[in-house]
Amino acid sequence: MQDKLQASYKQLEMKSKYTNMFLRWFLYFALILFALYFIFPLYVMVVTSLKTMEEIRQGTLLTWPSGLNFDSWAVAWGGRGYGAGDTFLRPYFWNSFKMVIPAVFFSTFIGAMTGYVLTKWRFKGDQWVFLFLLFGCFIPFQAILLPMARTLGVLGISNSIIGLVLVHTVYGIPFTTLFFRNYYISVPTELVKAARIDGAGFFKIFFKILLPISAPIIVVTVIWQFTQIWNDFLFGSTFSFGKAAPIQVALNNMVLSSTSVKEYNVDMASAIIAGIPTLIVYVLAGKYFIRGLTSGAVKG
Amino acid sequence: MKTLRIEELSKNFGSTEVLRKINLEIDEGNFLVLLGPSGCGKSTLLNIIAGLETINEGNVHIDDYNVSKVEPKDRNIAMVFQSYALYPSMNVRENMIFGLKQAKVSKEKIEEQLEKVSRFLQVDALLERKPSQLSGGQRQRVAIGRALVREPRIFLFDEPLSNLDAKLRVEMRREIKKLHQQLKTTVVYVTHDQTEAMSLGTNIAIMNHGVIQQNDTPENIYNKPSNTFVADFIGSPSMNLIKGNLKESSNKISFIANGSNVEIPINGYNFNEKSNLNNKEVFFGIRPEHIFFKKSNESDFEITLKADLSEYIGHEQIMTFNYENQEVLAKFPSTIKIELEKNTNLFFDLTQISLFDAKTEERI
Amino acid sequence: MLKWLEKNLPKIVMAPAVGLIGWFVYGFVLWTLYISFTNSKILPKYELWGVGQYVKLWGSRKWLIAVDNLLIFTALFLIFCVVIGIILAIFLDQKIRAEGVLRTIYLYPMALSFIVTGTAWKWILNPTLGIQKMFIDWGFENFTFDWLVNREMAIYTIVIAGVWQSAGFVMALFLAGLRSVEDEIVKAAKIDGANLFTVYWKILLPMMRPVFFTSFVILVHISIKSYDLIVALTQGGPGISTTMPALYMTQTAFHKSQVGLSAASAIMMFMAVAAVIIPYLYSELRRENAR
Ligand SMILES: Nc1ncnc2c1ncn2[C@@H]1O[C@H](COP(=O)(O)OP(=O)(O)O)[C@@H](O)[C@H]1O
Ligand SMILES: [Mg+2]
């Protein structure tokens, strides 16, 4: 009797061992398959950008390039040098930086101050103010494009980088406020009360107490805003053209406007150039990027 | 046949050793409490018994079958958790019968069990509620009910009362005790609360740093702690451990505290081993409740000390005395008046003392 | 005066944010709403004209196609993103060795712009040199994959690229949700004899209801706003077969110069988003207050 039970335990043990082993193999197989699906376009972009058009016509998407040929990168970045009609990304790449840096700075700063007031200097109805701002995260920008275009015209800053800085700052505020508000709400209010008893004022409390512990949320916010603004196309394409365009607009123009023959290698090199800054940020600070995506963008 | 037998069990997480060479046995129907400070490995041990953690070395036997590699569901155990771990999306009924459904028990049998247990635990009126609509005490009952319906061989409890407030905790403790008296199922119960351990256990295993320090009846744990850790851990305030030396001459053996010249005769003490006692460095252990204000026993030893501090706590008071710069705490009824900084005559009940080797910290 | 300033300092500091959002969001939406009731063409006119623009909008074949496309896209985009996201999250939750690397791979498309994504997929899906050629070279002589230039199928290429970009995001949301569940619940389920499938299907996924809700809101929001991806991938073509409301709005406003009509379409989009967002914000706020 006892032996029999022990034997059946042995059987159970073996069975669970084999099902587990099978499950694990299946798991890794599926995960790798998915990884390949996600990697595939990036791989194709990179290898295509390193091929000549001749190689592209001969081989397939997956074919390995014959060598490290950066010609299309050079063309995408600096053009062919025949003057008018020669479109290349370099000036627009810097345009994007000139637009992103001030916009990120202003929106982050305003968001931090507003989040500070909303959590540490609470007043009657602050919940509603927050809701009022929060709704701005979700409006479809089409609903503000027309008046925005006119406003920029009236202010004389349409088709300029300053105009885009204004637009991105304004429509970034709801997100930055949300991030800071959610972060500061978990900072104990006792800290602020103690500082007030010690005689610290509004700004002193912010700069001396809250700001020094805000590094993580500043990183999250800056990365979020940087990615959003760098990747924006709608505002860029609506409010600027020609010389003042940001890189996403230039990329799109370049890909669409290739006159005679499509040069896929140059297109892919351009796409990678336009994607590299955000990819670098993602690889270096992925943790904060994900935190921004999951916690900030979600909870009200 | 032992209901549960653990032999030479070791467990590490990576390079940290969490359990070391644990040996434990429980007889049918006993209530074993695993007691120890938090982080000492109690939950890990319980999870290993349940089959929720793997083992690095050693074995677990239930009813003499080696179950070390058997899945939790096939071990015939049930477990109650500190956070209750009720399934939030299911109502009380679904929570309680989930295990039976997984085991493909017949509908009639499930209904019968559910009815019996929910009546027994007085949760029959709550069956349609979600866990979020229950109070802490009710959640705990449901969690216990979920364990009960399975009629397991062994019940495992992991700090089930820690999330309850003080008053409810005492109530639920009594209920668990009643439950055990009625069902007589074998129980392994983890806690860091000594009162809980003392009042519930038929046996207590005290753990520290992944090692079992003493596994004994509550009486022995209290009266004959096997080392200074146990002596210090059990009792509130804990046992006074006075440092000093033994002196053996002809037929007399006595203890002299460091810096003192008073010889405390300990002829009546039951030594584990009687050799090499002279000049041995020891801790003299006496519980605060075994120091009296009046002589009550012929064997009581009279000593004169000064009180430094008095803490009034209602029905009693805790006095701190200075014994040659070592603190000695004593517990008296609060009716007794003792003046601070004055010589006071105290009586040590020498039948209740413990002696520990100062080096090994083991009982001698 | 100074007293007053000091007392109201917090509100003064908050004023820029409230003022800017009040003007640039609420004011502008109201302006658009007003214009949608006028007969504005190239330049806005301010005399009211009634609901003519809305009648025109819903009578327009292009707009109806755009709405149709939006519904198809949203449904497929939602289903695929959520299913793939949940599968990835559950698989990654199994104490996987290279979890960090895999998670990075699944999520990196979120860091790219839709223009970059669209450019890449346009090349991959291109019927002459893209995937089709790859399969033909592998020996599938008759393999055709011309969705990008096929009126019926072009909308699905947008789904493919969109899912590729956003599925990782859903995975991140669900992974965070699963990780926040107390381990004791899973332990209890194992003792109750639930296998892995049951643990997820019966216990953990039902606990993820808020995450489902959040994913739903965010994905619907992305799809209603989706503009860049279509511009980069199909420009609404072939013909007008992949037009969507966002594209319709900008084309009507800036290429056809029908400001009133485009305002009406913008307001329709606004209302669609509001219908999803307002209940969401309401429930989130209630949940927060309950805490
Ligand atoms: N999964 C784990 N991985 C690494 N260390 C762990 C794990 N679980 C527990 N530990 C460590 O093992 C020790 C014992 O933990 P535990 O058994 O939970 O203690 P107790 O229940 O007595 O408080 C602790 O130091 C804890 O940090
Ligand atoms: Mg524990």
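Residues numbered from 1 in each chain as written. Chains lettered and ligands numbered in written order. Predicted model: local features only at pLDDT ≥ 70, side-chain atom pairs only at ≥ 80, totals over all residues. Heavy atoms only, no water.

**Considerations on the overall build of chain C**
Formally: A run of H or I in DSSP becomes a helix once it reaches four residues, and a run of E becomes a strand once it reaches two; helices and strands are each numbered from the N terminus. Only C-alpha atoms enter the radius of gyration; for comparison, a globular chain is expected to reach 2.2 Å times N to the power 0.38, where N is the number of residues. Here the term buried applies to any residue with accessible area under 20% of the maximum for its type, exposed to any over 50%, and partly exposed to those in between, with areas from a 1.4 Å probe on protein chains only. Here the accessible surface of atoms and residues is derived via Shrake-Rupley with a 1.4 Å probe, and residues count as covered only by protein chains that are part of the display. In this tally, Asp and Glu contribute negative charge and Lys and Arg positive charge; neither His nor the terminal groups of the chain are included. Where a charge lies is defined by one atom per residue type: Lys uses NZ, Arg uses CZ, Asp uses CG and Glu uses CD.
Assigned secondary structure in chain C consists of 14 helices and zero strands. Taken against the 2.2 N^0.38 rule, which gives 19 Å for 291 residues, the C-alpha radius of gyration of chain C at 24 Å runs more than 25% over that of a compact globule. Considering only C-alpha atoms, chain C reaches an extent of 75 × 70 × 35 Å along its principal axes. Put simply, chain C has 291 residues, and 59% of those count as buried. Accessible surface, chain C: about 12700 Å² in total, of which carbon and sulfur atoms supply 68%. Each charge sign in chain C was given a centre, from 24 positive and 16 negative side chains, and these centres are 8 Å apart.

**Quick word on the domain arrangement of chain B**
All names here are of chain B. The cut-off we apply is this: Domain borders in the structure are assigned automatically or taken from a domain database. Accessible area that two parts lose when put together, evaluated with a 1.4 Å probe and summed over both, is termed the buried area. By salt bridge we mean one thing: a side-chain nitrogen of Lys or Arg within 4 Å of a carboxyl oxygen of Asp or Glu. Identification of polar contacts relies on pairs of N or O atoms within 3.5 Å, with a donor-acceptor requirement for protein atoms, meaning one able to donate a hydrogen and the other able to accept it, and with residues adjacent in sequence counted only if both atoms are side-chain atoms. Residues were grouped as follows: Ala, Val, Leu, Ile, Met, Phe, Trp, Tyr, Cys and Pro as nonpolar; Asp, Glu, Lys and Arg as charged; and all remaining residues, including Gly, as polar.
Partitioning chain B into structural domains gives domain 1 (4-233) and domain 2 (240-357). Computed over C-alpha atoms, the centres of domain 1 and domain 2 are 39 Å apart. Both faces combined, the contact of domain 1 with domain 2 buries some 630 Å², and carbon together with sulfur accounts for 54% of it. Contact with domain 2 buries surface across domain 1, with Tyr 222, Thr 228 and Ala 231 losing the most and accounting together for 66% of the total. Across the contact surface, domain 1 and domain 2 share zero salt bridges. Linking domain 1 with domain 2 are two residue pairs in polar contact (both at pLDDT 80 or more). Element by element, the count of residues in the side of domain 1 that touches domain 2 is highest for helix H7 (residues 218-223), at three residues. Here the residues of the side of domain 1 that touches domain 2 are counted per class, giving four nonpolar, four polar and no charged.

**Section: the interface of chain C and chain A**
Rules: A contact between two residues is defined here by any heavy atoms of the two lying within 4.5 Å.
Contacts between the two partners involve 94 residues from chain C, matched on the other side by 89 residues from chain A. Here chain C meets chain A over a buried area of about 8400 Å², counting both sides, of which 80% is carbon and sulfur. The largest contributions to the chain C side of the interface with chain A come from Phe 24, Tyr 108 and Trp 123 of chain C, which together make up 8% of the buried area. One can count zero salt bridges joining chain C with chain A. Where chain C touches chain A, the interface holds 19 residue pairs in polar contact (both at pLDDT 80 or more). A total of 17 residues in the side of chain C that touches chain A trace back to one element, the largest contributor, which is helix H2 (residues 9-35) of chain C. For the side of chain C that touches chain A, the class distribution of residues is 69 nonpolar, 14 polar and eleven charged.

**Here we look at helix H5 (residues 166-183) of chain B**
All names here are of chain B. As a reminder of what qualifies: By this rule, a helix spans an expected 1.5 Å times one less than how many residues it contains.
The first and last C-alpha atoms of H5 sit 26 Å apart over 18 residues, in line with the 26 Å expected at 1.5 Å per residue. Those residues of H5 that are buried lie in contact with strand S3 (31-35), helix H3 (107-120), helix H4 (136-148), strand S7 (154-158), strand S8 (186-191) and helix H6 (194-200). Within two residues after H5, Lys 184 carries a phi angle of roughly 55°, on the positive side.

**Focus on the sheet that holds strand S16 (residues 301-312) of chain B**
Residues and elements named next belong to chain B. Applied cut-off: For two strands to count as paired, DSSP must find a minimum of two bridges between them.
If you walk across this open sheet you meet the five strands as S15-S19-S16-S17-S18, and the pairing is antiparallel. Since the sheet does not close on itself, it has two edges, and those belong to strand S15 (291-292) and strand S18 (326-333), each with one partner. Examined bridge by bridge, S16 and strand S19 (residues 343-348) share six bridges and lie antiparallel to one another. Residue pairing for S19: Ile 303 is matched across the bridge by Leu 346.

**Here we look at the pairing of strand S17 (residues 316-323) of chain B**
All names here are of chain B. By the criterion of burial, S17 is predominantly enclosed, with seven of the eight residues buried. Here S16 pairs with S17 via six bridges, running antiparallel. Note on S17: the bridge partner recorded for Glu 311 is Ile 318. A loop of three residues connects S16 with S17, the two strands running antiparallel in sequence, and Gly 314 in this loop sits at a positive phi of about 90°. As paired strands, S17 and S18 are joined by eight bridges and run antiparallel to one another.

**Re the nonpolar core**
Going by this rule: Note on terminology: a nonpolar core comprises buried Ala, Val, Leu, Ile, Met, Phe, Trp, Tyr and Cys residues joined through side-chain atoms within 4.5 Å.
Within the largest apolar cluster, 231 residues are counted, with the highest numbers of intra-cluster contacts made by Tyr 171 of chain A, Leu 45 and Val 188 of chain B together with Tyr 106 of chain C. Not counting the four nearest positions on each side in its chain, Val 188 of chain B is found in contact with Leu 4, Ile 26, Leu 32, Leu 34, Leu 46, Ile 49, Ile 154, Phe 155, Leu 156 and Phe 157 of chain B. Residues Leu 100, Leu 114, Phe 155 and Ile 206 of chain B belong to the second largest nonpolar core, which totals 42 residues.

**Some thoughts on the side chain of Ser 214 of chain A**
Looking at where Ser 214 of chain A falls in the secondary structure, it is placed in the loop between helix H9 (202-210) and helix H10 (215-231). Judged by relative accessible area, Ser 214 of chain A falls into the buried class, the value being 0%.

**Details of the packing of helix H2 (residues 92-102) of chain B against H3 of chain B**
To describe two helices that pack against each other, one gives the angle between their axes and the distance between the axes. Residues and elements named next belong to chain B. Note the threshold: Angles here are taken between N-to-C directions and fall from 0 to 180 degrees, while the axes themselves are lines fitted to C-alpha atoms, restricted in helices to the stretch in contact. Angle categories: roughly parallel below 35 degrees, roughly antiparallel above 145, roughly perpendicular from 65 to 115, and oblique for all the rest. Note on convention: near helix rotated counterclockwise from far helix by under a right angle means a left-handed crossing. Clockwise means right-handed.
One way to put it is that H2 packs onto H3 with a least axis distance of 10 Å and a crossing angle of 135°. Here H2 lies oblique to H3, going by the angle between them. Classified by chirality, the crossing of H3 by H2 is right-handed. Contacts between H2 and H3 involve Arg 93, Met 96, Ile 97, Leu 100 and Lys 101 from the first element and Ile 110, Glu 111, Gln 113, Leu 114, Val 117 and Ser 118 from the second. Partitioning the contact of H2 with H3 into residue classes produces six nonpolar, two polar and three charged.

**Focus: the packing of helix H6 (residues 142-155) of chain A against helix H13 (residues 245-255) of chain C**
The interhelical angle for the contact between H6 of chain A and H13 of chain C, taken along N-to-C directions, is 20°, at an axis separation of 10 Å. Regarding the angle of H6 of chain A to H13 of chain C, the classification is roughly parallel. Judged by the twist between their axes, the crossing of H6 of chain A over H13 of chain C is right-handed. Two secondary-structure elements touch here, H6 of chain A through Gln 142, Leu 145, Leu 146 and Ala 149 of chain A and H13 of chain C through Ala 246, Met 249, Thr 250, Ala 253 and Phe 254 of chain C.

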